[in-house]
Amino acid sequence: MTSPTDRNNDGGVPLPVVPAGASGTAPAEYPPASPAGRGMFGNQGSGDVSGYGGLVRQRQPIEEAARPYGGYFDEVRDALEEAYPAFGDAIEKVVVDRGELTLHVRPERIAEVCQVMRDDMALRFELCSSVSGVDYLGADERRLHVVYQLTSMTYRRRVRLEAAVSVEAPHLPSVTAVYPTADWQEREAYDMFGIVFDGHPNLTRVLMPDDWEGHPQRKDYPLGGVPVEYKGAEIPPPDRRRSYQ
């Protein structure tokens, strides 16, 4: 069997050896592997070259937390409930997981909740540091979630807001009037996931070309791409790359 490396006779420095069966135009090409040895963790037949395509992750159910939550979480919930009369209708559930507080908000109420979270003196969440999208394909009928990371600079606290919409009706209000930092972040969530933020001042693509079809970070988006030229070489799109063997 030919070894990928060989040693010379003066110092034992490993030298690369072209594998048997390799063509002159593709020195990294190895002979076909057996089905059992192709990829890692049982991964076969996909464009995934990370080796993790065959892993199966058990999804944990998201359950509402029981009070007391601990820490400042109870204070945040009580302050919001006192300051916001529509709390019972707007907040779907409160989740405490891994030491983090998440308020699941009805999508049509998200801008109102953000306004109260920012302006109420007992809350004072002045900063929205991130707005991002998540696709829970196969786990939630409203599979497109929008996640807002809020920080109180006054009280040194953090809280997460999360709103869920469906692919058929991916609309919810923009929070740019409350948190201007959400401007480009909402555009990115629109670009990558197709989530429409009603009232956004300029909801256009920010990463993909304006005429791009589809939203690349949805989990049912086909794996593909376009070839990229770099220093005279052409890198094929992911679905045309060989798998590691």
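Note that the structure is predicted; figures quoted are calculated from it, not measured.

## A short note on the environment of Gly194
Within the secondary structure layout, Gly194 lies in the loop between helix 4 (182-193) and strand 9 (196-198). A sequence separation of 11 residues divides Gly194 from Arg205, and the C-alpha atoms of the two residues are 9.7 Å apart. Ignoring anything within four residues of it in the chain, the contact list for Gly194 reads Pro170, Ala189, His215 and Arg218.

## A few points about the packing of aromatic side chains
As enumerated under the stated definition, the model contains one aromatic pair in all. Relative to Phe73, the ring of Tyr72 lies with its centre 5.0 Å away and its plane at 85°, an arrangement referred to as edge-to-face. The residue whose ring lies beneath Arg187 is Trp184, and the NZ or CZ to ring-centre distance is 5.4 Å.

## Some thoughts on the environment of Glu234
Here Glu234 is to be found in strand 11 (residues 233-235). Residue classification places Glu234 among the exposed positions, given a relative accessible area of 56%. Excluding anything up to four places from it in sequence, Glu234 contacts Pro227, Val228 and Glu229.

## A few points about the state of the cysteines
All told, the structure shown has zero disulfides when counted by the stated rule. Cysteine Cys114 shares no disulfide, and the gap to the nearest cysteine sulfur, in Cys128, comes to 6.5 Å.

## Points about the confidence of the model for the protein
Mean pLDDT over the protein works out to 81, with 72% of the residues at or above the 70 mark. Contacts from residues 1-7, a stretch scored under 50 in pLDDT, to residues over four places away or in other chains number 18 contacts. Contacts for the low-pLDDT stretch residues 18-43, under 50 throughout, to residues beyond four places or in other chains number 29 contacts.

Thresholds, definitions, all that
- Residues numbered from 1 in each chain as written.
- Predicted model: local features only at pLDDT ≥ 70, side-chain atom pairs only at ≥ 80, totals over all residues.
- Heavy atoms only, no water.
- Helix = DSSP H or I, 4+ residues; strand = E, 2+ residues; numbered from the N terminus.
- Contact = heavy atoms within 4.5 Å.
- Phe/Tyr/Trp six-rings, centres within 6.5 Å; stacked < 30°, edge-to-face > 60°.
- Lys NZ or Arg CZ within 6 Å of the ring centre and 35° of its normal.
- Buried < 20%, exposed > 50% of the residue type's maximum accessible area, 1.4 Å probe, protein only.
- Disulfide = S-S within 2.5 Å.
- pLDDT = per-residue confidence, 0-100.

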